[in-house]
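Structural characterization, general
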Amino acid sequence: FGLPDMDGSDVYQLLRKVYPLLPVIFASGHLDRRAIHEALAEERTRFLQKPFEASALLEMIAELRPQGTPQ
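Fair warning: this is a prediction, and the values are worked out from it, not measured in the lab. (Residues numbered from 1 in each chain as written. Predicted model: local features only at pLDDT ≥ 70, side-chain atom pairs only at ≥ 80, totals over all residues. Heavy atoms only, no water.)

As a further point, take the overall build of the protein. When helices and strands are tallied, the protein shows 3 helices and 2 strands. The long-range fraction of contacts in the protein, counting pairs at least 24 apart against all pairs at least 6 apart in sequence, stands at 23%. Summing over all exposed atoms, the protein offers an accessible surface of approximately 5800 Å²; the carbon and sulfur share of this is 57%. (Helix = DSSP H or I, 4+ residues; strand = E, 2+ residues; numbered from the N terminus. Contact = heavy atoms within 4.5 Å. Areas by Shrake-Rupley, 256 points an atom, 1.4 Å probe, with all protein chains shown as cover.)

The next point concerns the pattern of salt bridges. Counted according to the given criterion, the structure contains 2 salt bridges. For Glu42, the salt bridge goes to Arg16, with nearest N and O atoms at 3.0 Å. Taken together, the positions of Glu42 in the loop between helix 2 (37–40) and strand 2 (45–49) and Arg16 in helix 1 (residues 8–18) put the pair 26 residues apart, joining distant regions of the chain. The partner of Arg46 in a salt bridge is Glu63, with the nearest N and O atoms 3.1 Å apart. Of the two residues, Arg46 is situated in strand 2 and Glu63 in helix 3 (residues 54–64); the sequence distance between them amounts to 17 residues. Residue classification places Arg46 among the partly exposed residues on the basis of a relative accessible area of 24%. Glu63 gets classed as exposed once you look at its relative accessible area, which sits at 51%. (Salt bridge = Lys/Arg side-chain N within 4 Å of Asp/Glu carboxyl O. Buried < 20%, exposed > 50% of the residue type's maximum accessible area, 1.4 Å probe, protein only.)

For the rest of this paragraph, the subject is the environment of Leu57. With respect to the helices and strands, Leu57 occurs in helix 3. As a C-alpha pair, Leu57 and Ala27 span 30 residues in sequence and 9.4 Å in three-dimensional space.

The subject of this paragraph is unusual backbone geometry. Residues Lys50 and Pro51 are joined by a peptide bond in cis, for which omega reads -5 degrees. Here Pro51 is to be found in the loop between strand 2 and helix 3.

Let us look at the environment of Pro20. Looking at the secondary structure, you find Pro20 in the loop between helix 1 and strand 1 (24–28). Owing to a relative accessible area of 53%, Pro20 belongs among the exposed residues under this scheme. Taking the C-alpha atoms as reference, Pro20 lies 9.7 Å from Arg44; in sequence the two are 24 residues apart.

Residues of strand 1 alternate between two faces, with Val24, Phe26 and Ser28 buried on one and Ile25 and Ala27 left unburied on the opposite face. In terms of strand pairing, strand 1 meets strand 2 through 5 bridges, oriented parallel. Bridge assignment links Phe26 to a residue of strand 2, and that residue is Phe47. (Pairing = 2+ DSSP bridges.)

Here it is, written out as C-alpha cells:
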C-alpha cells in the first residue's frame, strides 16, 4: 500500500519545510531511489530497503541521533 494523496517524497518536502533538521529514514520495498536521489544527498536522510531487521533500523536511528542525545 502507498500513501493515498501523496508519496514519500511529498511528505519529506513538507517535513523539511517545518522541521529542517529532522532526521528522515525512507523505508520501502519498491521505491525508485532515483526519485529521492536529492533527498538522500542530505546528511540527515537515509534509505532502508524492506524487508529489514529491527536491528538495521535501530543502527540507522543511532547513526542519525545527534551527539549527546541519550539512547
